[in-house]
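# Coordinate analysis (summary)
Chain by chain, the residues run as shown.
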Number of protein chains: 2
Amino acid sequence: MTHPKRRGRRPAGEDTKAALLSAARAVFTEQGFDGATVRTIASRAEVDPAMVNHWFGGKQGLFAAAIQLPVDPEQIRMTVHNSPPEEIAERVLRTFISVWDDSSGGGFAALMRSAATQESAAKLLREFIATTFGTRLRELGVDHPDLRVTLFGSQLSGLGLVRYVLRQEPLASADVDTLVATIGRTLQRYLTGDLGLGGE
Amino acid sequence: MTHPKRRGRRPAGEDTKAALLSAARAVFTEQGFDGATVRTIASRAEVDPAMVNHWFGGKQGLFAAAIQLPVDPEQIRMTVHNSPPEEIAERVLRTFISVWDDSSGGGFAALMRSAATQESAAKLLREFIATTFGTRLRELGVDHPDLRVTLFGSQLSGLGLVRYVLRQEPLASADVDTLVATIGRTLQRYLTGDLGLGGE
DNA sequence: GTCTATACAACGATAGAC
DNA sequence: GTCTATCGTTGTATAGAC
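Residues numbered from 1 in each chain as written. Chains lettered and ligands numbered in written order. Predicted model: local features only at pLDDT ≥ 70, side-chain atom pairs only at ≥ 80, totals over all residues. Heavy atoms only, no water.

## Remarks on the overall build of chain A
Of regular secondary structure, chain A possesses 10 helices and 0 strands. For chain A, the N- to C-terminal ordering of α and β elements is α-α-α-α-α-α-α-α-α-α. Expressed as lengths along the three principal axes of its C-alpha atoms, the size of chain A is roughly 75 × 35 × 30 Å. A burial count over chain A gives 48% of its 200 residues as buried. Within chain A, counting contacts between residues at least 6 apart in sequence, those at least 24 apart form 69% of the total. Accessible surface computed for chain A: about 9200 Å², of which carbon and sulfur atoms make up 50%. Charged side chains of chain A number 23 positive and 23 negative; the gap between the two group centres comes to 9 Å. (Helix = DSSP H or I, 4+ residues; strand = E, 2+ residues; numbered from the N terminus. Buried < 20%, exposed > 50% of the residue type's maximum accessible area, 1.4 Å probe, protein only. Contact = heavy atoms within 4.5 Å. Areas by Shrake-Rupley, 256 points an atom, 1.4 Å probe, with all protein chains shown as cover. Lys, Arg positive; Asp, Glu negative; His and termini not counted. Charge placed at Lys NZ, Arg CZ, Asp CG, Glu CD.)

Okay, structure coming up:
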């Protein structure tokens, strides 16, 4: 018995890379950036820990390659694009909540844990929000589109924060309709409503 | 001059504890929980690293003892208590923004970095929001006071997140009046306005 | 009780052998 | 391309000096 894990040596690099990426996504999601260890990821991928450095330049690089949004970007983009202006907020909110609730907020909490520390995660989040919603708002021709996008992002991420990270009741267990009535209305105002800025 | 660094041994335990607490606050604020090291904190306090274990039971315990809100709780409590109901949101928002902006958001970002990972930080934040605003709302006799509090918290923390952690423009550089007009109005609705829940 | 000194296992990372 | 050996650093535990 030479090796209970692997016999000789591994054939190709693509397998190793893919296995590491997949394991990294799982472990980073469960433990966050600092909580995850290179050794854990490598062992789950059945690969030598040194491969992380070899293929991704280190833990940081592996994280940047593995990090992904806690929603399907294309699904959101389609929802945003195909909804009549006055329904965008409600539809997007329902989509986010159903996805986040399904994973017990694990995906969102993981991204949040990392966004606070890792610039790569913060950048991903910034750019997703800016492009997805910014494009649609410019199409609609509303005033202050960029400000609206960030206001929208602030309320949406704040909801995720209180509901999935802080887990503060009763918002943590509120049903979707309650959230749509309260927060959905806010989001819709940020997108297409009167901001109260006087000008324009 | 008896001790520029430290000659023989330290006089009392209270000095050591206080020095560690003070150094811990600084280092945790700058680096977050995971970024800070026990050795760095101890060296800044001019104390042996083992004292962290002796006095606080470990890094975790030191953090729990050192963590504090990124605002003066008493100042907020007074603002909340002395404002007429329809002005609470604006006044509180102005207070938070001025304090956070003064420290370049360092205090908020630090708490956020830790709140995502450390249960003790999350708890601190939860309880501060719940007691400070919950008490006042019950006084005012509005419906769904607890839900209102968490809605309020979600928008306020979301603002902090986008403005100080993600640093997304134009919200990151928006002036106070813009924030009051846009987000202040949301906060006020969450506190005393119509939530749109139908009942009552 | 208060503190110093030292030891330890686990971490991220690297150099170089195969 | 892959892996072993090893480095410096981390959090923590322990022994013992005063």
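So that's the structure; there's more coming.
## Topic: the protein's contact with DNA strand C
In the region of DNA strand C, 19 residues are neighbours, and A:R39, A:K59, B:A12, B:T16 and B:M51 sit closest. Among atoms of DNA strand C positioned within 4 Å of the protein, sugar and phosphate together represent 62%. The backbone of A:A36 places a nitrogen or oxygen atom 3.5 Å from a phosphate oxygen of DNA strand C. Between DNA strand C and the protein, one listed contact pairs a phosphate oxygen with a backbone N or O atom of A:K59 at 2.8 Å. (Near = heavy atom within 4 Å. Polar contact = N/O pair within 3.5 Å; in protein donor to acceptor, adjacent residues only side chain to side chain.)

## Points about the nonpolar core
Residues A:F28, A:I41, B:F28 and B:I41 are the most contacted members of the largest nonpolar core, which totals 120 residues. Not counting the four nearest positions on each side in its chain, B:I41 is found in contact with B:L20, B:A23, B:A24, B:V27, B:F28, B:A36 and B:L62. (Core = buried A, V, L, I, M, F, W, Y, C linked by side-chain atoms within 4.5 Å.)

## Considering the relation of the copies chain A and chain B
Here chain A sits on chain B after a turn of 180° about the axis and a move of 0.0 Å along it, with an RMSD of 0.1 Å. Overall, the copies show the geometry of a two-fold rotation axis. Residues of chain A ranked by C-alpha distance from the rotation axis are headed by A:G158, positioned 1.8 Å from it. Comparing interface residues between copies, 100% of those in chain A also sit at the interface in chain B, which points to an isologous, same-surface contact. (Least-squares fit on C-alpha atoms with pLDDT ≥ 70 in both.)

## Overview of the packing of helix α6 (residues 88–102) of chain B against helix α10 (residues 176–192) of chain B
Residue and element names in this part refer to chain B. The contact between α6 and α10 brings their axes to 8 Å, and the two run at 130°. Classified by the angle between their axes, α6 and α10 sit oblique to one another. For α6 against α10, the interelement crossing comes out right-handed. Residue-level contacts link I88, A89, E90, L93, R94 and I97 of α6 to V176, D177, L179, V180, I183, G184, L187, Q188 and L191 of α10. Class assignment for the residues of the contact of α6 with α10 results in 10 nonpolar, 2 polar and 3 charged. (Axes fitted to C-alpha atoms, helices over the stretch in contact; angles between N-to-C directions. Parallel < 35°, antiparallel > 145°, perpendicular 65-115°, else oblique. Left-handed = near helix turned anticlockwise from the far one by under 90°. Nonpolar A, V, L, I, M, F, W, Y, C, P; charged D, E, K, R; others polar.)

## Section: the interface of chain A and chain B
Counting residues at the interface gives 42 residues for chain A, matched by 42 residues for chain B. Counting the surface lost from both chain A and chain B, the interface buries some 3600 Å², and carbon and sulfur atoms represent 65% of this. Three residues, A:T150, A:L166 and A:Q168, lead the burial of chain A against chain B; their summed loss comes to 16% of the area buried on that side. The interface formed by chain A and chain B holds 2 salt bridges in total. Here B:D194 ties to A:R185 by a salt bridge, and the two come within 3.9 Å at their closest N and O atoms. Inspection of the region where chain A meets chain B yields 14 residue pairs in polar contact (both at pLDDT 80 or more). Every element with two or more residues in the side of chain A that touches chain B is listed here: α7 (106–115), α8 (119–140), α9 (145–165) and α10 (176–192) of chain A. Looking at the side of chain A that touches chain B, its residues break down into 21 nonpolar, 12 polar and 9 charged. (Buried area = accessible area lost by both parts, 1.4 Å probe. Salt bridge = Lys/Arg side-chain N within 4 Å of Asp/Glu carboxyl O.)

## Considerations on the pattern of salt bridges
All names here are of chain A. According to the stated counting rule, one finds 22 salt bridges over all chains in the structure shown. Between R44 and E30 there is a salt bridge, and its shortest N-O distance comes to 3.5 Å. Of this pair, R44 sits in helix α2 (residues 38–44) while E30 sits in helix α1 (residues 13–35), placing them 14 residues apart in sequence. Overall, the relative accessible area of 48% leaves E30 in the partly exposed class. As a salt-bridge pair, D146 and R138 come within 3.3 Å of each other at their nearest N and O atoms.

## Quick word on unusual backbone geometry
With an omega of 5°, the peptide bond running from A:E169 to A:P170 counts as cis. Mapped onto the fold, A:P170 is located in the loop between α9 and α10. A positive phi angle is found at B:E46, which is not glycine, with a value near 55°. Looking at the secondary structure, you find B:E46 in the loop between α2 (38–44) and α3 (50–56). Note on B:E46: relative accessible area 35%, which makes it partly exposed. Within the chain, B:H144 stands out as a residue other than glycine whose phi angle is a positive 50°. Counting through the fold element by element, B:H144 comes out in the loop between α8 (119–140) and α9 (145–165).

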